[in-house]
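Here are the chains, one letter per residue:
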Amino acid sequence: MSAPQVNVGEVRWPQSEPAGFIPGPEQSALRESLRALLAKRGDIAQVRRASSTERGYSASLWRALVDDMSVTALAASEDRGGLGYGVAQLATILEECGRALVCEPVYSSAVLGVQALLLTRPGDDDLLLAGVLAGDLLATVSALDATTDDLRAVRTSAGWVVDGTVTHLVCGGTADVIVASAHCSDGRRLFAVRPGEDCVRTERVVLDPTRRQADVALRAAPGVVLTVPEGTATAATRLRDLATLALASENTGIIDMLLETTVSYVSTRRQFDRAIGSFQAVKHRLADLLVLLERARSASRYAAAAYAEDPDAARLAVAVAGAVCTDAAVQAAAEAVQLHGGIGFTWEHPAHSYFRRVMGNEAAQGGSGAHRGTIAALVGL
């Protein structure tokens with residue numbers, strides 16, 4: 001998602017320590033339960049098999065995540081059918097999904113899709129939101145700008161209909177609901193669109209096969225309007241920030257797993273009758289990985305806590321998390337490949353699947369340079 005324009009005079013600075021920054025017992029229990037579920041349900045080989053199916057993920061694991069862990073309903077308000085927890089809990093979910101390299105639509109549907117559909121007023125289309133909360137419908141959100149959303153919407157006697165093409169859509173090949181921006185006669189609005197049978201879905205060739213993308217051509221698809229033209233920019237900015245925060249949290253989990261597996265490998269791999277982890281040069285590189293993890297953890301968790309309190313006041317924290325976690329994940333993935341030696345350079349090794357996810361996340365966000373550009377604009381540089 002491209003970096004939005006910002007007005008320096010309207011920047012609101014986050015608090016020094018927002019509520020929820022330090023994980024409490026509930027978050028710790030959530031993390032332990034999800035980690036146990038993901039460890040029991042499969043490993044990287046299962047992820048690769050599931051991502052290569054027609055659906056692109058495991059239906060049984062998705063149902064377990066929805067039914068047992070409530071990933072879709074966790075951060076939705078109780079009056080809309082959710083559990084009423086906040087974005088900090090979602091960040092915990094995303095960290096663990098990053099550790100396990102989950103290919104199920106947690107990021108696209110449970111996080112972005114649900115939060116986008118909560119923009120609707122109660123009663124506008126409760127069945128649509130209810131279907132996504134129940135995990136029966138899959139939602140996904142576009143980049144929400146004219147670069148990827150070449151859509152036009154018109155109001156007919158039967159309601160809104162949307163025509164055009166959405167590109168680079170995560171889980172676009174299987175999504176039941178697409179949230180995108182479209183040109184209307186009175187300005188640009190956000191819509192939740194139900195692709196019809198005559199829509200054309202074209203799978204894209206992407207670096208990360210565990211997070212597939214597609215272009216979707218819509219033909220007179222029914223849409224539910226989510227915003228008025230005056231509120232579209234604010235809603236789109238909040239959803240873009242949420243996407244940045246979500247991938248920052250996921251990258252934090254990835255770094256955690258890469259450090260853990262690398263330490264395990266160098267502790268058992270021996271050269272000159274010594275574990276290579278005992279060599280000073282390797283120790284320094286592992287220490288650097290730990291520093292990267294702690295930086296990413298601090299930045300992403302702080303941003304999640306700040307966003308939960310006030311999304312508008314958290315813009316700077318989210319941009320910092322995007323920059324810090326992107327750079328940290330790219331460096332950690334490269335280090336993990338190298339420290340695994342010859343076996344690490346084979347595509348079959350698990351480190352390469354994490355490497356691909358990290359690079360895919362970087363491409364989705366425009367790289368850390370885009371986040372630094374947002375930071376510079378926010379602080380008036």
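Residues numbered from 1 in each chain as written. Predicted model: local features only at pLDDT ≥ 70, side-chain atom pairs only at ≥ 80, totals over all residues. Heavy atoms only, no water.

1. Points about the pattern of salt bridges
Moving on, step 1. Across all of its chains, the model carries 23 salt bridges by this definition.
Moving on, step 2. Here Arg 31 ties to Glu 96 by a salt bridge, and the two come within 3.0 Å at their closest N and O atoms. Within this pair, whereas Arg 31 is found in helix 1 (residues 25-41), its partner Glu 96 is found in helix 4 (residues 87-99), the two being separated by 65 residues in sequence.
Moving on, step 3. Exposure remark for Arg 31: the relative accessible area of 16% places this residue in the buried category.
Moving on, step 4. The salt bridge partner of Arg 212 is Glu 203, with a shortest N-O separation of 3.9 Å.
Moving on, step 5. When salt bridges that share partners are traced, they join Arg 31, Arg 35, Glu 95, Glu 96, Arg 99, Asp 256, Glu 260, Glu 294, Arg 297 and Arg 301 into one network. (Salt bridge = Lys/Arg side-chain N within 4 Å of Asp/Glu carboxyl O. Helix = DSSP H or I, 4+ residues; strand = E, 2+ residues; numbered from the N terminus. Buried < 20%, exposed > 50% of the residue type's maximum accessible area, 1.4 Å probe, protein only.)

2. With respect to the environment of Asp 208
Moving on, step 1. Positionally, Asp 208 belongs in the loop between strand 6 (200-203) and strand 7 (213-225).
Moving on, step 2. When the C-alpha positions of Asp 208 and Phe 355 are compared, they lie 8.6 Å apart, and in sequence the two are 147 residues distant.
Moving on, step 3. The residues contacting Asp 208, other than those within four sequence positions of it, are Arg 356 and Arg 357.
Moving on, step 4. Polar contacts involving the side chain of Asp 208 include one to the side chain of Thr 210, which spans 2.6 Å. (Contact = heavy atoms within 4.5 Å. Polar contact = N/O pair within 3.5 Å; in protein donor to acceptor, adjacent residues only side chain to side chain.)

3. Quick notes on helix 4
Moving on, step 1. Taking 1.5 Å per residue as the helical rise, helix 4 with its 13 residues ought to reach 18 Å, and the 18 Å between its terminal C-alpha atoms agrees with that figure.
Moving on, step 2. Taken across its 13 residues, helix 4 has 13 buried, putting it largely inside the fold.
Moving on, step 3. Phi for Leu 101, located one or two positions after helix 4, is positive at around 55°. (Expected span 1.5 Å × (residues − 1).)

4. Points about the UniProt feature "domain: Acyl-CoA dehydrogenase/oxidase C-terminal" (unreviewed entry) in the protein chain
Moving on, step 1. The positions that UniProt labels "domain: Acyl-CoA dehydrogenase/oxidase C-terminal" (unreviewed entry) are, in the present scheme, residues 245-377.
Moving on, step 2. Secondary structure across residues 245-377 divides into 83% helix and 3% strand, with the first and last C-alpha atoms of the span separated by 18 Å. (UniProt positions renumbered as here; feature names shortened; annotations may be inferred.)

5. So, the state of the cysteines
Moving on, step 1. Counted by the stated rule, this structure contains 0 disulfides.
Moving on, step 2. In this model Cys 97 remains outside any disulfide bridge; the closest cysteine sulfur is found in Cys 103, 10 Å from its own.
Moving on, step 3. We classify Cys 97 as buried; its relative accessible area is 3%.
Moving on, step 4. For Cys 171, which is in no disulfide, the shortest distance to another cysteine sulfur is to Cys 103 and amounts to 8.9 Å. (Disulfide = S-S within 2.5 Å.)

6. Some details on the environment of Ser 58
Moving on, step 1. Among the structural elements, Ser 58 can be located in the loop between helix 2 (44-51) and helix 3 (59-67).
Moving on, step 2. Linking Ser 58 and Glu 104, residues 46 residues apart in sequence, is a C-alpha distance of 6.6 Å.
Moving on, step 3. Within polar-contact distance, the side chain of Ser 58 engages the backbone nitrogen of Leu 61 at 3.2 Å.

7. Looking at helix 3
Moving on, step 1. All buried positions along helix 3 are accounted for by Leu 61, Trp 62, Ala 64, Leu 65 and Val 66.
Moving on, step 2. Buried positions along helix 3 lie against helix 1, helix 5 (106-117) and helix 6 (126-133).

8. Some details on the UniProt feature "domain: Acyl-CoA dehydrogenase/oxidase N-terminal" (unreviewed entry) in the protein chain
Moving on, step 1. With numbering aligned to this structure, UniProt lists the feature "domain: Acyl-CoA dehydrogenase/oxidase N-terminal" (unreviewed entry) at residues 25-110.
Moving on, step 2. Summarising residues 25-110: 60% helix, 0% strand, and an end-to-end C-alpha distance of 23 Å.

9. Concerning the side chain of Ser 353
Moving on, step 1. You can see Ser 353 is positioned in helix 11 (residues 350-365).
Moving on, step 2. Assessed through its relative accessible area of 9%, Ser 353 is described here as buried.

10. Digging into the packing of aromatic side chains
Moving on, step 1. Counted under the stated rule, the structure contains 1 aromatic pair.
Moving on, step 2. Cation over ring: Arg 356 sits above Trp 347, and NZ or CZ is 4.3 Å from the ring centre. (Phe/Tyr/Trp six-rings, centres within 6.5 Å; stacked < 30°, edge-to-face > 60°. Lys NZ or Arg CZ within 6 Å of the ring centre and 35° of its normal.)

11. With respect to the layout of surface pockets
Moving on, step 1. What the largest pocket holds in volume is close to 500 Å³.
Moving on, step 2. For the largest pocket, the lining is made up of 27 residues, of which His 168, Val 170, Gln 213, Ala 363 and Ala 364 are closest to its centre.
Moving on, step 3. Contributions of two or more residues to the lining of the largest pocket are made by helix 5, strand 1 (139-141), strand 3 (159-170) and helix 11.
Moving on, step 4. In terms of residue count, helix 11 provides more of the lining of the largest pocket than any other element does, 7 residues in total.
Moving on, step 5. Broken down by class, the residue content of the lining of the largest pocket amounts to 12 nonpolar, 12 polar and 3 charged. (1 Å grid on protein atoms, 1.4 Å probe; cavity = no way out; pocket = protein on both sides within 12 Å on 5 of 7 lines; lining within 4 Å. Points joined across faces, edges and corners; volume = space filled by probe spheres on them. Nonpolar A, V, L, I, M, F, W, Y, C, P; charged D, E, K, R; others polar.)

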